[in-house]
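Summary of the model geometry
So you can see what is in the structure, the chains are spelled out below.
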Amino acid sequence: MGRRGKNVGGLGRFLTSLDDLGAALVAKKEMLLNSLELPTTSAHSELEHDKVEDVAQPPPLKKRRTSVLPASDEKYDASALVPRYASEEDVPSHLRKYFAQRYRYFSRYDEGCLLDEEGWYSVTPEAIADQIAERCRCDTVLDAFCGVGGNAIAFTKTCNRVIALDTSPVRLALARHNAIIYGVADRIEFILADYLSFARSYLSRPPKDRGRVVDVVFLSPPWGGPSYLLASPTKEPSKNPLDAETPSSEYSLSNILPIHGAELFRLTRQITRNVAYFLPRNVSLQDVSTLISPSTGGSTGDPDMIPTQRTEVEASSSTPERVEVEEEYLGGKLKALTCYFGGLVQGQEDMFEE
Ligand code: MGP
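First things first, this report covers the structure right here in the doc. The shown structure was predicted, so the numbers you read here are calculated from the model rather than taken from an experiment. (Residues numbered from 1 in each chain as written. Predicted model: local features only at pLDDT ≥ 70, side-chain atom pairs only at ≥ 80, totals over all residues. Heavy atoms only, no water.)

Next up on the list: the overall build of the chain. Helix and strand counts for the chain come out as eleven helices and eight strands. By sequence separation, contacts in the chain at least 24 residues apart represent 60% of the contacts at least 6 residues apart. (Helix = DSSP H or I, 4+ residues; strand = E, 2+ residues; numbered from the N terminus. Contact = heavy atoms within 4.5 Å.)

As structure tokens, this is what we get:
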């Protein structure tokens, strides 16, 4: 484990010890002069003095760069804010399974990427973030809970403007730090803000005063911690061994933070119909389908409809509005779902500009 603060401390010690070395050499020179009882007037003495003087002068120190970021962005180096793990022994036991997947999260991890505790367990793996970014290709995307920046970095590959919000100054700093490592920080507008306040304030202004049109909102909110798979045990665990991959309990959108996931969606849909919602793999698809039902302010349809398949959920046969559910696998294992709404749904592209 190596906090950057500690490394800086290490450098401090290094410089101090060089100073000490210089002092020691000067002291040694004096000892030499004393113990040798050199004649003080001879050329020999001069020579001896010069020699010692040569040794006593440490070479001029070049300012050593310690940042993992390019010199122009050193001021954004967030290394002092969180521990930087280089090997497994350094990692607290509860984070080890995430550390083992570090290159999945950031393929450039070894170049200095940083994650805080929440980042370790909630960052979107890079391959999945790239896939989501491809689906969200647009002019301006808003990443409402950017965390340590995995999705925001991916969005720079497919969107002209990326607005990245987070309530945590530390996580926002980590996101910028990571984006600099990927060479894309100048493409992201980092905003320290609570998404709910941001959204309400944005919506309170008349459209012509909103400054910019947000084409797509990406929602990847906190799911309530790493124990989300146990969040709302509504079903008996399956006895079928083939179901080992299937979570035994459904996740209710009511567990989303900071507000009920349906409320969060409803607020967001007032900004744009084009929403990508990153959700647990055990999320209740019934909850997802009701997001576009009339009772929740979405399309008209039957709120009691129970979806029968995970790939596509229709709110109603009488309406064109559909939500598309993408299952995201890594290494053959289902990691999460992204639910696409509005013009992000294949076959519903005409809704994009509405
Ligand atoms: P996981 O199941 O907790 O971890 O999360 P792991 O080790 O990939 O799965 P395991 O079954 O092999 O143990 C899977 C993925 O869900 C993570 O990589 C994150 O991308 C995402 N994720 C997890 N959590 C707890 C959150 C969260 O709170 N919010 C968001 N937005 N994503 C999360």
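Alright, that's what it looks like, and here's the rest.
Inspection of the region around the ligand gives 18 residues, with Lys97, Ser220, Tyr228, Lys333 and Lys335 positioned closest. Trp223 places a main-chain nitrogen or oxygen 2.9 Å from an oxygen atom of the ligand. Expressed as a share of its isolated accessible area of 640 Å², the protein-covered part of the ligand is 93%. Using a 2 Å cut-off from the grid points, one finds that the ligand occupies the largest pocket. Listed by contribution, the elements that provide at least two residues to the shell around the ligand are helix H3 (96–99), helix H5 (117–122) and strand S8 (333–340). The residue inventory of the shell around the ligand, partitioned by class, reads nine nonpolar, five polar and four charged. (Near = heavy atom within 4 Å. Polar contact = N/O pair within 3.5 Å; in protein donor to acceptor, adjacent residues only side chain to side chain. Areas by Shrake-Rupley, 256 points an atom, 1.4 Å probe, with all protein chains shown as cover. 1 Å grid on protein atoms, 1.4 Å probe; cavity = no way out; pocket = protein on both sides within 12 Å on 5 of 7 lines; lining within 4 Å. Sits in = over half its atoms within 2 Å of the grid points. Nonpolar A, V, L, I, M, F, W, Y, C, P; charged D, E, K, R; others polar.)

Attention now moves to helix H9 (residues 195–204). Along H9, the residues that are buried comprise Tyr195, Leu196, Ala199, Tyr202 and Leu203. All buried residues of H9 lie within an arc of 135 degrees about the axis, which places them on one face of the element. On its buried face, H9 sits against strand S1 (138–143), strand S2 (159–166), strand S4 (216–219) and helix H10 (261–271). (Buried < 20%, exposed > 50% of the residue type's maximum accessible area, 1.4 Å probe, protein only. Arc of directions from axis to C-beta.)

Across all of its chains, the model carries one cavity of 30 Å³ or more by this definition. If you add up the space inside the largest cavity, you get close to 60 Å³. Forming the walls of the largest cavity are Tyr105, Phe106, Thr124, Glu126, Ala129, Asp130, Gly150, Ile153, Ala154, Lys157 and Tyr182. (Points joined across faces, edges and corners; volume = space filled by probe spheres on them.)

Further remarks concern the pairing of S1. A large share of S1 lies buried, amounting to five of its six residues. Each parallel crossover has a hand, and for S1 linked through helix H7 (residues 150–155) to S2 it is right-handed. Bridge count between S1 and S4: three bridges; the pairing is parallel. Its bridge partner being in S4, Leu142 is matched across the sheet by Val217. (Right-handed = clockwise from strand over helix to strand, strands pointing away. Pairing = 2+ DSSP bridges.)

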